[in-house]
Amino acid sequence: MTPDPALRSEDAPFRLQGRLVLGEAKGLLDSLRKQEETLRGGDTFPIDLSEVSEIDGASAAILLGSVRRLRDKGVTCEISGAGEGVREIVSLYESATSKKPGEPKPQTGMIVDVGRGTLALVLGIKEVLGFVGQVVIEALGVIRRPQTGNWRDIVPIAERSGADAVPIVVFINFLVGFVMGFQGAKQLKMFGANIFVADLVGLSVTRELGPLMTAIILSGRSGAAFAAELGTMKVSEEIDALRTLGFGPMRYLVLPRTLALVLVAPVLTLLADFVGIAGGLLVGVTSLNLSVAGYWQETRKVIHAWDINSGLLKAVAFALVISLISCQQGFATTGGAEGVGRRTTTSVVSSLFALILVDTAFTVFFRVFDL
Amino acid sequence: MSAAKPAITVQNLTMGWDDRILQKDASFEVQKSEVFAILGGSGCGKSTLLRYLIGLEKPMEGDIAIEGIGAPDLAVGRPPFGVMFQSGALFGSMTVGQNVGLGLRQWTDLPDDAVEAIVSGKLALVGLQGTEDKLPAELSGGMKKRAAIARALALEPGLIFLDEPSAGLDPVSSAGLDELILTLNRVHGMTIILVTHELESIYSVVGQCIYLDKESQSIIARGAPRELQEHSEHEKVRDFFNRRARQQNDGDEK
């Protein structure tokens, strides 16, 4: 219950009435606002609380906020007449809020933001490189003393990242081979070169698409899982706890994940090569009047061991990239649930970016050396 | 306050999960404007009981009634009570100020600056003035708990639940929290329900308490802490309240 401000004459106190509780806070705020607008520096504004039967913290905070604004404007503001209960709550909030507030956050401009962003990027790259260095040192340590490695976790992680990924790897790579074949078939038909669809699909799948598509799947499945898992462990201090128990987190968490991924990636890639070629074969047989035997023979003729091996080599490199980036992101997680989400996103995005970069580097390298 | 209805009435509550009963047939009342504590050893279901009282779990059997609303139901809208979880459970992606103001923005039509004024008031009340723009990750454990209390207080509830407010805090912070609990109780007339282990707090703030026992799955003592310390018929209740004395005797707490 708040009075009609129009009823107040010049020097009469501003009289608040009844129960000032959260449900009425909007009304209280509005009527105080109206008063604030009319008052100028040098005015006096007595507030009478004698008819207030009850006040809660929210209303007290709103009332005191208004009083503070008025006092800043130079208005003399006095609160009077409060009954004991009301006075106690008002003074509780008054003494609490009169302590010094925190300093406001400094505003930043665009140039500062750009500078910060650039610096963060550079530091991020440095962090990843530092992380890779640490992993290498730890790996060398494990090679020297194999009994210090965490070998037990490799098989379960390999199962989760590898065996469980088989259905999606098969499905996607089969379709990729199929689509490749389909697109190629249309062009090749024009030259009457139907049989070369086998060359096209076979080479591009083994050298390029098989490893790449598999790596993309791995990064979305396992990379994201690594980042989220390690990130959650980091924010809940589990990694610190591991450290205090004498486990090096690199040795205990990162190496098994990396090794597991490096083991499963080539296997999945081989599978991807095979089903990719099968996808092309389906197109050849159904729409290019090729025989299964003919297609297969052409494929065997054009694909050499190096074509497959270069793909497997890429797969190993991709696996390293994915696991190192996602583990690094997991370890760098701070904050809470949101931090985990952010780092997981970053891990997948950076992995995809790095995969394409590494793939390009390989392809250029192979080309230059005519491999 | 004469003949006032109890703030909370629990009748024949059985709680637990299919194969694990924590408490059977528990009945008790919490009077209005009382500081009430749920005590007991580890694993007896103190925090779980709290989850039942605030409606996060449905009783296997029995009834819980909160004065004025009946059985606690979190689906009906603005809850009539505030809760501080053991870890604070502040939303990590929001600033402290946003955490405290969340309920106000959801359930009132106050403009931003009024919400901010209330938020500053609540934060100042718990001794965290000036932390509005900080993220929870930047706060210490004790500060997180205080911020969580400020959030629980934001909607001016008449009833608040605090799960181990002073566990893990230094004695000074812990005493500060006890002070705050007493102030809220005295000035606002708030009913406060605590789960706690801290004897210091129990003696200084708690009016009435119940003691849950794990083995018998029941409430084995109820009353004022000082009385139970002297006169409880159960040895383990007396042991609990005389923890220090017992430690001196046999050097073993558990």
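Placed above this text is the structure.
Residues numbered from 1 in each chain as written. Chains lettered and ligands numbered in written order. Predicted model: local features only at pLDDT ≥ 70, side-chain atom pairs only at ≥ 80, totals over all residues. Heavy atoms only, no water.

> Is there a simple way to explain the overall build of chain A in this structure?
Regarding its fold elements, chain A presents 12 helices and 3 strands. Total accessible area computed for chain A in this model is approximately 19,600 Å², and 65% of it derives from carbon and sulfur atoms. (Helix = DSSP H or I, 4+ residues; strand = E, 2+ residues; numbered from the N terminus. Areas by Shrake-Rupley, 256 points an atom, 1.4 Å probe, with all protein chains shown as cover.)

> Would you mind showing me how to read the interface of chain B and chain A here?
Often the size quoted for an interface is simply the accessible area lost on bringing the parts together. On the chain A side, the residues contacting the 27 residues of chain B number 23 residues. Summing the contributions of chain B and of chain A, the shared interface buries around 2,000 Å²; its carbon and sulfur component is 69%. In terms of surface lost to chain A, no three residues of chain B exceed Gln129, Glu156 and Val187 of chain B, which account for 21% of the buried area on that side. Connecting chain B to chain A are 2 salt bridges. Taking the shortest distance from any N to any O, the salt bridge between Arg186 of chain B and Glu88 of chain A comes out at 2.1 Å. In this structure, the connection of chain B to chain A is made through 5 residue pairs in polar contact (both at pLDDT 80 or more). When contributions to the side of chain B that touches chain A are tallied by element, the ones reaching two or more residues are helix H3 (112–125) and helix H5 (171–187) of chain B. No other element matches the 9 residues that H3 of chain B contributes to the side of chain B that touches chain A. Grouping the constituent residues of the side of chain B that touches chain A by class yields 12 nonpolar, 8 polar and 7 charged. (Contact = heavy atoms within 4.5 Å. Buried area = accessible area lost by both parts, 1.4 Å probe. Salt bridge = Lys/Arg side-chain N within 4 Å of Asp/Glu carboxyl O. Polar contact = N/O pair within 3.5 Å; in protein donor to acceptor, adjacent residues only side chain to side chain. Nonpolar A, V, L, I, M, F, W, Y, C, P; charged D, E, K, R; others polar.)

> In this structure, what is going on with unusual backbone geometry? I would like to understand it.
Residues and elements named next belong to chain B. A positive phi angle is found at Ala89, which is not glycine, with a value near 50°. The phi dihedral of Glu164 falls on the positive side, at around 50°, and the residue is not glycine. Inspection of the secondary structure assignment puts Glu164 in the loop between strand E6 (159–163) and H5.

> Is there a simple way to think about a nonpolar patch on the surface in this case?
Residues and elements named next belong to chain A. Judged by side-chain polarity, Trp306, Leu313, Val364, Phe365, Val368, Phe369 and Leu371 come together as a nonpolar surface patch covering roughly 680 Å² of accessible area. Of all the secondary structure elements, the ones that give two or more residues to the nonpolar patch are helix H11 (305–331) and helix H12 (337–368). No other element matches H12, which puts 3 residues into the nonpolar patch. Note on placement: Val368 falls in helix H12. Residue Val368 is classed as exposed on the basis of its relative accessible area, which comes to 60%. (Patch = residues over 30% accessible without salt bridge, like charges linked within 9 Å, V, L, I, M, F, W, Y side chains within 5 Å. Buried < 20%, exposed > 50% of the residue type's maximum accessible area, 1.4 Å probe, protein only.)

> Would you mind going over helix H1 (residues 25–38) of chain A with me for this structure?
Because the α-helix completes a turn every 3.6 residues, residues three or four places apart line up on one side. End to end, H1 of chain A covers 21 Å across 14 residues, agreeing with the expected 20 Å (1.5 Å per residue, within 8%). Inspection of H1 of chain A places Ala25, Leu28, Leu29, Ser31, Leu32, Gln35 and Glu36 of chain A among the buried residues, and these make up the whole buried set. Each element contacted by the buried residues of H1 of chain A is listed here: strand E1 (14–20), strand E2 (44–55) and helix H2 (57–73) of chain A together with H3 of chain B. (Expected span 1.5 Å × (residues − 1).)

> Would you mind going over the nonpolar core with me for this structure?
What tends to happen in soluble globular proteins is that the nonpolar side chains get buried as a cluster. Counting 79 residues, the largest nonpolar core has Leu16, Ile47, Leu49 and Ile62 of chain A together with Ile192, Leu194 and Phe241 of chain B as its most contacted members. By residue number, the principal contributor to this core is H2 of chain A, which donates 8 residues. Dropping the residues within four chain positions of it, Leu194 of chain B is found in contact with Val35, Phe36, Ala37, Ile38, Leu162, Pro165, Ile181, Val205 and Val206 of chain B. Ranked by size, the runner-up nonpolar core spans 36 residues in total, among them Leu253, Ala315, Ala319 and Leu355 of chain A. (Core = buried A, V, L, I, M, F, W, Y, C linked by side-chain atoms within 4.5 Å.)

> Is there a simple way to think about the pattern of salt bridges in this case?
Opposite charge on two side chains allows them to pair when their charged atoms are near. Scanning the model with the defined rule gives 21 salt bridges over all chains in all. Across the salt bridge formed by Glu36 of chain A and Arg69 of chain A, the nearest N and O atoms sit 3.0 Å from each other. Here Glu36 of chain A, found in helix H1, pairs with Arg69 of chain A, found in helix H2; they are 33 residues apart in sequence, far enough to count as distant. Residue class for Arg69 of chain A comes out partly exposed when judged on its relative accessible area of 32%. One salt bridge in this structure joins Arg105 of chain B and Asp112 of chain B, with 2.8 Å as the shortest N-O distance. Here the salt bridges share partners, and the residues they tie into one network are Arg15, Asp48 and Glu51 of chain A.

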